[in-house]
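Chain by chain, the residues run as shown.
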Number of protein chains: 2
Amino acid sequence: MQPEISDHIFYSFLTGGLCASSSTTSTTTTSSFYPFTIEDTISQEKALAAQRNHKEAERRRRERINSHLNKLRKLLSCNSKTDKATLLAKVVQRVKELKQETLEITDETLPSETDEISVLNSEDSSSYNEDGRIIFKVSFSCEDRPDLLQDLMETLESLQMETIFADLTTVGGRSRNVLVVAADKEHHGVESVQFLQNALKSLLERSSKSVMMGHGGGGGERLKRRRALDHIIMV
Amino acid sequence: MQPEISDHIFYSFLTGGLCASSSTTSTTTTSSFYPFTIEDTISQEKALAAQRNHKEAERRRRERINSHLNKLRKLLSCNSKTDKATLLAKVVQRVKELKQETLEITDETLPSETDEISVLNSEDSSSYNEDGRIIFKVSFSCEDRPDLLQDLMETLESLQMETIFADLTTVGGRSRNVLVVAADKEHHGVESVQFLQNALKSLLERSSKSVMMGHGGGGGERLKRRRALDHIIMV
DNA sequence: AATGACACGTGAGGC
DNA sequence: TGCCTCACGTGTCAT
């Protein structure tokens, strides 16, 4: 908080108002002999009013900005003493994170246009470990067919793998399946990724054979449909 | 961009340095007769240096803040002429949206601890319409069992409803099923919501019967497990 | 003492 | 012209 006095001193110094107009500054068209003419007084009052307006407008602007910054502090559950710069840096990071997060979720959930298979074992990418068991994450997209799920379960059963988590999404005739499966370490190692991949590949081949006829349209129709569904799902 | 000259004039005015120290400002302990002592010069240089440091530090601070603001402009694909205040308002809105979005997604996807049934017809909440068909959104959580899916499909088939979208998530012995189904308007109206709800209710009752024995543990164990799975899924 | 962060008032420039 | 936004330099408080 600044003392109000300094404001006025400062201002009158810069404008050269109250002291005199006899300095090197260009004199006004009204080159009166007397330092205080009516016009001078009026224009000075106007100038003062303008300056006051300006000052207050600027204050409001600052308040607006700071209020939004405070909202962001709350949203990021930041201490009220967090720097503006640091806060904004965190906001940038958070927005990036959230953006990618939702992207990944929809990407991982919705079927892709093309057939895809992905098999990961958890030891590759993270240190997750369950004693005596090895965990795989399986994800694939393909055309949907009535007995796809049953085939999948039989496949996993024949590989002696237990399904811990399953997310099966079907939309517009295509299916996206994400599974987390556990296998005994006696029978399986990291090389079992190959088994899984091959088993899934044959699954997809069966799938593409069985749907050879029936679907004539291309992907465009499906895309339109998916968008409509997105609308519903958001309800 | 301000002319540098005014800086120096302004500064020397405020410090009262170059002119005189005979003003009302408190004189220094060195009350020398001469206006320019060595100590004065030295302290003035120091003061000047300090002021310069201060000025530049403040400039850097501004640059830091503005750089983050520009990053946010890019992230929100805002025009570079967007107000700081407006930009920040949009950032606040965006963060809120994204937060709720991810929350809804995980909420809609993961099974809830308690059994739940929700049936909506799209005409209630949105204007979505498909000529000659009425669309329902079905969502329920229950204990998982081997023939749950088959029962569900049979139920829908018996109701003459076609599944447009299905998202089936199973984790830790519980199942979350979200379906969008379409029904012919000849056979179904908005009142069919009741049929669906009743059919699902019996489905869940069958489910809870079939799992009466087997699961002894409560929900705590499952929660732990789900958290571990979240870890995997994020890979 | 020195540094950093902030609010302030101001001039400049865009409509 | 007036209104609005911004960058700037400053005083001030806290660490």
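What counts and what doesn't
Residues numbered from 1 in each chain as written. Chains lettered and ligands numbered in written order. Predicted model: local features only at pLDDT ≥ 70, side-chain atom pairs only at ≥ 80, totals over all residues. Heavy atoms only, no water. Helix = DSSP H or I, 4+ residues; strand = E, 2+ residues; numbered from the N terminus. Buried < 20%, exposed > 50% of the residue type's maximum accessible area, 1.4 Å probe, protein only. Contact = heavy atoms within 4.5 Å. Areas by Shrake-Rupley, 256 points an atom, 1.4 Å probe, with all protein chains shown as cover. Axes fitted to C-alpha atoms, helices over the stretch in contact; angles between N-to-C directions. Parallel < 35°, antiparallel > 145°, perpendicular 65-115°, else oblique. Left-handed = near helix turned anticlockwise from the far one by under 90°. Nonpolar A, V, L, I, M, F, W, Y, C, P; charged D, E, K, R; others polar. Pairing = 2+ DSSP bridges.

Helix and strand content of chain A: seven helices and four strands. Taken from N to C terminus, the helices and strands of chain A fall in the order α-α-α-β-α-β-α-β-β-α-α. Counting over 235 residues, chain A shows a buried share of 35%. Considering only residue pairs separated by 6 or more positions, chain A has 68% of its internal contacts joining residues 24 or more positions apart. When the accessible surface of chain A is totalled, it reaches about 14,900 Å², and 55% of it is carbon and sulfur.

Now for unusual backbone geometry. Residues and elements named next belong to chain A. The phi torsion at glutamine 160 lies on the positive side, around 60°, for a residue other than glycine. Locating glutamine 160 in the fold gives a position in the loop between helix H5 (148–158) and strand E3 (161–171). In this structure glutamine 160 comes out as exposed when scored by relative accessible area, which is 52%.

All names here are of chain A. Between helix H2 (residues 38–75) and helix H3 (residues 84–109), the shortest axis-to-axis distance is 10 Å and the interhelical angle comes to 55°. Of the possible angle classes, the one that applies to H2 and H3 is oblique. Along this stretch, H2 crosses H3, giving a crossing that reads as left-handed. Contacts between H2 and H3 involve Asn66, Leu69, Leu72 and Arg73 from the former and Lys84, Leu87, Leu88 and Val91 from the latter. Split into classes, the residues belonging to the contact of H2 with H3 amount to five nonpolar, one polar and two charged.

The element E3(A) is largely enclosed, with a buried count of nine among its eleven residues. Between E3(A) and strand E4 (residues 174–184) of chain A, which pair antiparallel and follow one another directly, the connecting turn spans two residues, one of which, A:Gly172, has a positive phi of 60°.

With that settled, consider the sheet that holds strand E2 (residues 133–143) of chain A. Pairing in this open sheet of eight strands is antiparallel, and the strands run E1(A)-E2(A)-E4(A)-E3(A)-E3(B)-E4(B)-E2(B)-E1(B) from one edge to the other. If you trace the sheet from one side to the other, it starts and ends with strand E1 (116–121) of chain A together with strand E1 (116–121) of chain B, each paired once. In this sheet, neighbouring strand axes are inclined to one another by 10° on average, regardless of whether the strands run parallel or antiparallel. Strands in contact with helix H3 (residues 84–109) of chain B are E3 of chain A together with strand E2 (133–143), strand E3 (161–171) and strand E4 (174–184) of chain B; relative to E4(B), the strand with the most contacts, it is inclined by about 95°. Taken strand by strand, helix H5 (residues 148–158) of chain B contacts E2, E3 and E4 of chain B, and its axis lies near 15° from that of E4(B).

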